[in-house]
Amino acid sequence: ETFGLDAIDFGRRVAMERKYLASLNDVPPSNAIFDDSGTFVLLPTLLGIKVVNVVTNKTARILGRVESGERFVAISLYQGTPKKDHQMQHALGGANKNTIKDRENSESDKNDP
């Protein structure tokens, strides 16, 4: 079974996996990560990053399948909400409508006694 890949791409991935296993001393070990809900586990595989639902024991998704030259080894998962940084937004893309509204709201909050 070639996991839904054509024979040439599957052979290329297997060859890359052999090279990876041969140089295992130079490469950090693979890891697996659970999401915050504990429902999904993400793990790097030969095909890409596999997302498995542990409740149903089924593969929900395979990320990076189209990347034939990449081998994902160590992965991380950020599930928080980023803090707004007005100075960074201004430096990256200038002031947009949301930034102006946020600034007006914060200024009106400061002016109210």
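Thresholds, definitions, all that
Per chain, residues are indexed from 1 in the order of the written sequence. Local features in this predicted model are restricted to residues whose pLDDT is 70 or higher, and side-chain atom pairs enter the listing and the counts only when it is 80 or higher, whereas totals over whole chains, interfaces and linings include all residues. The basis for every side-chain value is the complete set of heavy atoms in the structure, and neither hydrogens nor water enter the calculation. Every case where a carboxyl oxygen of Asp or Glu lies within 4 Å of a side-chain nitrogen of Lys or Arg is listed as a salt bridge. Elements are defined by DSSP. Helices are runs of H or I of four residues or more, strands are runs of E of two residues or more, and each kind is numbered from the N terminus. Note on classification: 1.4 Å probe, protein chains only; a residue is buried when its accessible area is under 20% of the maximum for its type, exposed when over 50%, partly exposed between these limits. Paired strands, as defined in this entry, are two strands with at least two bridges between them according to DSSP. Among the buried residues, those of types Ala, Val, Leu, Ile, Met, Phe, Trp, Tyr and Cys that are joined through side-chain atoms within 4.5 Å form a nonpolar core. Residue contacts are counted whenever heavy atoms from the two residues lie within 4.5 Å of one another. The predictor rates its confidence in each residue with pLDDT, a number between 0 and 100.

*Asks:* Just to check I follow, could you spell out the pattern of salt bridges for this structure?
*Replies:* Close approach of charged atoms allows side chains with opposite charge to pair. For the structure shown, the criterion picks out 2 salt bridges. The closest approach of N and O atoms between Arg13 and Asp9, which form a salt bridge, is 3.5 Å. In this pair, Arg13 and Asp9 are both assigned in helix 1 (residues 7-22), 4 residues apart and thus about one turn of the helix distant. Since its relative accessible area comes to 13%, Asp9 is described here as buried. Three or more residues joined by partner-sharing salt bridges are found here, namely Asp9, Arg12 and Arg13.

*Asks:* Would you mind showing me how to read the sheet that holds strand 3 (residues 49-53) here?
*Replies:* Two orientations exist for strands paired in a sheet by backbone hydrogen bonds: parallel and antiparallel. Spatially, 4 strands are ordered 1-2-3-4 in an open sheet, and the strand pairing comes out antiparallel. At either end of the open sheet lies a strand with only one pairing partner, and these are strand 1 (33-34) and strand 4 (58-63). Alignment of strand 3 against strand 4, held across 5 bridges, turns out to be antiparallel. Residue pairing in the sheet places Val51 in a bridge with Arg61 of strand 4.

*Asks:* Sorry, what's going on with the nonpolar core here?
*Replies:* Soluble globular proteins: nonpolar side chains tend toward being buried together. Counting 5 residues, the largest nonpolar core is built from Ile33, Leu42, Ile49, Val51 and Ile75. Beyond its immediate stretch of four places on either side in the chain, Ile75 contacts Asn31, Ile33, Leu42, Leu43, Pro44 and Ile49.

*Asks:* Just checking my understanding: could you explain the confidence of the model for the chain for this structure?
*Replies:* Predicted coordinates in areas of low pLDDT are best not read in detail. Mean pLDDT for the chain: 77, with 75% of residues reaching 70 or above. Helix 3 (residues 97-111) is the least confidently modelled element of the chain, averaging 58 in pLDDT, while strand 3 averages 93, the highest of any element.

*Asks:* Could you clarify how one ought to interpret unusual backbone geometry in this entry?
*Replies:* Excluding glycine, most residues fall at negative phi; most peptide bonds, likewise, are trans. Positive phi is not limited to glycine here, since Asn57 has a value of about 60°. Structurally, Asn57 is set in the loop between strand 3 and strand 4.

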